[in-house]
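Residue strings, one per chain:
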Amino acid sequence: MNRIQVILTIDIENLPKNFSEILIKEQEVIEKWKTEGILDHLFLRETKNGAVLIFKGIEEREVKNLIESLPFYALRKNIEYYNLIKKF
C-alpha cells in the first residue's frame, strides 16, 4: 500500500495568543485520523516547528483536503507532499 508523506512547517515566530487552545483541537483531529486508520505515522520535528505525517489508504487530493482542515493549517509556513511506495 502506498503512502503519502506530508511535511508541515508552522510559523513559530508568529504564534497566536490562543496557541494552546489550537494545539488541543489539533491533537483531537490527529487522534481521529489515527483511529480511522488513515494516519500511519506522526513525527514531531525536533525543532518544534512542525511535523511529518504519513497517510495510508487515501489519495493525495483527500490528504490535501484533510491537511487544509487542520487547526494548524492557518499557522502554516510551508507544506510539502510526497507520494511514497512502501518497499517493506
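Residues numbered from 1 in each chain as written. Predicted model: local features only at pLDDT ≥ 70, side-chain atom pairs only at ≥ 80, totals over all residues. Heavy atoms only, no water.

1. Observations regarding the pattern of salt bridges
(1) Moving on: For the structure on display, the rule yields 5 salt bridges.
(2) Moving on: Residue Arg3 is joined to Asp40 by a salt bridge in which the shortest nitrogen-to-oxygen separation is 2.8 Å. Residue Arg3 is located in strand E1 (residues 3–10), and its partner Asp40 is located in strand E2 (residues 39–44); the two are separated by 37 residues in the primary sequence.
(3) Moving on: The salt bridge involving Glu68 is made with Arg61; its shortest N-O contact spans 3.9 Å.
(4) Moving on: Among the residues examined, Glu68 registers a relative accessible area of 41% and is labelled partly exposed.
(5) Moving on: What you see here is one network of salt bridges that share partners, running through Arg3, Asp40 and Lys56. (Salt bridge = Lys/Arg side-chain N within 4 Å of Asp/Glu carboxyl O. Helix = DSSP H or I, 4+ residues; strand = E, 2+ residues; numbered from the N terminus. Buried < 20%, exposed > 50% of the residue type's maximum accessible area, 1.4 Å probe, protein only.)

2. Digging into the packing of aromatic side chains
(1) Moving on: Taken as a whole and judged by the stated rule, the model has 2 aromatic pairs.
(2) Moving on: When the ring of Phe19 is compared with that of Phe72, the centres are 5.5 Å apart and the planes differ by 15°; the resulting orientation is stacked. Taken as a pair, Phe19 in helix H1 (residues 19–36) and Phe72 in the loop between helix H2 (60–68) and strand E4 (76–84) lie far apart in primary sequence, 53 residues in all.
(3) Moving on: The ring of Tyr81 carries Lys64 above its face, with NZ or CZ at 5.2 Å from the centroid. (Phe/Tyr/Trp six-rings, centres within 6.5 Å; stacked < 30°, edge-to-face > 60°. Lys NZ or Arg CZ within 6 Å of the ring centre and 35° of its normal.)

3. Regarding the environment of Leu44
(1) Moving on: Among the structural elements, Leu44 can be located in strand E2.
(2) Moving on: Exposure remark for Leu44: the relative accessible area of 69% places this residue in the exposed category.
(3) Moving on: Here the alpha-carbon distance between Leu44 and Leu8, two residues 36 residues apart in the chain, equals 9.7 Å.
(4) Moving on: When sequence neighbours within four positions are dropped, the list of residues in contact with Leu44 reads Gly50 and Ala51. (Contact = heavy atoms within 4.5 Å.)

4. Concerning the sheet that holds strand E3 (residues 50–56)
(1) Moving on: Ordered in space as E2-E3-E1-E4, the 4 strands form an open sheet in which the pairing is antiparallel. Across the chains shown, the open sheet's two edge strands, defined by having one partner strand only, are E2 and E4. Pairs of neighbouring strands in the sheet enclose a mean axial angle of 15°, with direction left out of account.
(2) Moving on: One ladder, built from 8 bridges, connects E1 with E4; its direction is antiparallel. Following the sheet pairing, Gln5 is matched in E4 by Tyr82.
(3) Moving on: Running at roughly 150° to E2, H1 makes contact with E1, E2 and E3 of the sheet. (Pairing = 2+ DSSP bridges. Axes fitted to C-alpha atoms, helices over the stretch in contact; angles between N-to-C directions.)

Geometry only, nothing functional implied.
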